[in-house]
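One letter stands for each residue in the lines below.
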Amino acid sequence: VEVLCQAMDEGVVAVNSILDKMEEQIKQPRAIRKPGVPVVDTMPIKNEQKGMLIGKRGENIQNIEHQSGAKVKIEDSEVVIFAPSSENLNVAIQMIRNSFEPAAIVGQWYDGAAVVDISDVNNAKVELAPGKFGTLHVSQISPFRYLNNVGAALSVGDKIKVQCVSVDSGHVKLSCKGTMLPGEAEKNTISCGQVFDDAKVNSLKRFGAIIELKDGYTGILPNSVIKPKRASELFKPGDSVKVECFKVDKQGILVRPIKPSFGSNSETSKRKSKPIRRKVKRHLSS
């Protein structure tokens, strides 16, 4: 025990001597770290911010590590960041701070957003800012073209202008209707009153029909312009139809068929059918 105590006393003297020499050279940590030197730093984090930092299925924190080159760990009430250099550390800290801000503001436009993933045929993943992502559904890509998959209009790396239409539990839904998509600048525009002699029915929907016009443009033929009939009663996919454009806005191109009223024959048939039903009733009552 005496030997152990003596060794410990000598050790304390040696440690204090080393600390004195270090203090002679530098009395406090350097304010500016040398470039290329691995660094460790911490940031405070609240409980409600942990889910925002981690992201859906860990996507956000993995993206921060991938882009910054740092390792990020959450320990109790702080975030520990291990970075290979000060530059990597600063990138990670900024991305972590961005994670605590709202993902997007409803109604706000984001110019220069990048398409990062189109593996889902119905949805494109769009990066609004570093660490901020939203989903662009195929129906919200173009009001002038009916698309079966997002890859028909977008490619990974495309820069587009999108608007945030809703934020639900951190899930950002986007739209780029009313904006010019990559490769659309050379195409002709559609105007009200324009007639399309060889338009074709693309598909039938509950609200009407999707009509192929020209140069990849499509229009909507709503049931309201052919009342009391429905598009499904008058057309089938592949039918040729002559239509006229009567409205163009950011929601799309609306067209109507250039034919005699579809409603007149139907109303006539209704009027003729009423006396027949009354005769049947009288016959049954007698």
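These numbers were taken from a predicted model, which means no experiment stands behind them.

Student: How would you sum up the pattern of salt bridges? Please name residues and give values.
Tutor: Taken as a whole and judged by the stated rule, the model has seven salt bridges. Measuring nitrogen to oxygen at the nearest pair gives 3.5 Å for the salt bridge that ties D197 to K242. On the criterion of sequence distance, the pair formed by D197 in strand β9 (residues 195-205) and K242 in strand β12 (residues 240-249) is long-range, its members being 45 residues apart. For D239, the salt bridge is made with K236, and the minimal N-O distance between the two is 3.2 Å. Given a relative accessible area of 52%, K236 falls into the exposed group. Connected through shared salt-bridge partners, R57, E59 and K125 make up one network.

Student: Can you break down the environment of V165 residue by residue, with the values?
Tutor: Structurally, V165 can be placed in strand β7 (residues 159-168). Residue V165 is classed as partly exposed on the basis of its relative accessible area, which comes to 39%. In this structure the C-alpha to C-alpha distance between V165 and V106, which are 59 residues apart in sequence, comes to 5.4 Å. Leaving out residues up to four positions away in the same chain, V165 has contacts with V106, K173, L174 and S175.

Student: I'd like to hear about the packing of aromatic side chains, residue by residue, with values.
Tutor: The full count for this structure, using the stated rule, is zero aromatic pairs. Its guanidinium or amino end placed over the ring of F133, K125 lies 4.6 Å from that ring's centre, counting from NZ or CZ. In this arrangement the basic side chain of K161 is found over the ring face of W109, its NZ or CZ atom lying 5.4 Å from the centre.

Student: Summarise the side chain of S203; cite the residues concerned and give the values.
Tutor: With respect to the element layout, S203 can be found in strand β9. For S203, a relative accessible area of 13% corresponds to the buried category. Among the polar contacts listed, one links the side chain of S203 to the side chain of N202, at a separation of 3.2 Å. For S203, the contacting residues outside a window of four places in its chain are Y146, A209, I210 and P237.

Student: Mind laying out the packing of helix α2 (residues 47-54) against helix α3 (residues 59-68), listing which residues take part and the relevant values?
Tutor: The geometry of α2 relative to α3 is characterised by a closest axis approach of 5 Å and an angle of 65 degrees between their N-to-C directions. Residues M52, L53 and I54 of α2 lie in contact with α3, whose contacting residues are E59, N60, I61 and I64. Each residue belonging to the contact of α2 with α3 can be placed in one class, and the counts come to five nonpolar, one polar and one charged.

Student: Talk me through helix α4 (residues 86-99); I want residue IDs and the actual numbers.
Tutor: Helix length check: α4 (14 residues) gives 20 Å between terminal C-alpha atoms against 20 Å at 1.5 Å per residue, within 8%. Of all the positions in α4, only S86, L89, A92, I93, M95, I96, N98 and S99 are classed as buried. Of the surrounding elements, those touching the buried residues of α4 are β1 (39-44), α2, α3, β2 (71-75), β3 (78-83) and β6 (132-137).

Student: So what about the sheet that holds strand β4 (residues 109-117)? Which residues, and what values?
Tutor: Strand order in the closed barrel formed by five strands is β4-β5-β6-β8-β7, and the pairing between neighbours is mixed. Taking each pair of neighbouring strands and ignoring which way they run, the sheet shows an average axis angle of 55 degrees. Pairing between β4 and β7: four bridges, direction antiparallel. Residue pairing for β7: A114 is matched across the bridge by K159.

Rules and cut-offs
- Residues numbered from 1 in each chain as written.
- Predicted model: local features only at pLDDT ≥ 70, side-chain atom pairs only at ≥ 80, totals over all residues.
- Heavy atoms only, no water.
- Salt bridge = Lys/Arg side-chain N within 4 Å of Asp/Glu carboxyl O.
- Helix = DSSP H or I, 4+ residues; strand = E, 2+ residues; numbered from the N terminus.
- Buried < 20%, exposed > 50% of the residue type's maximum accessible area, 1.4 Å probe, protein only.
- Contact = heavy atoms within 4.5 Å.
- Phe/Tyr/Trp six-rings, centres within 6.5 Å; stacked < 30°, edge-to-face > 60°.
- Lys NZ or Arg CZ within 6 Å of the ring centre and 35° of its normal.
- Polar contact = N/O pair within 3.5 Å; in protein donor to acceptor, adjacent residues only side chain to side chain.
- Axes fitted to C-alpha atoms, helices over the stretch in contact; angles between N-to-C directions.
- Nonpolar A, V, L, I, M, F, W, Y, C, P; charged D, E, K, R; others polar.
- Expected span 1.5 Å × (residues − 1).
- Pairing = 2+ DSSP bridges.

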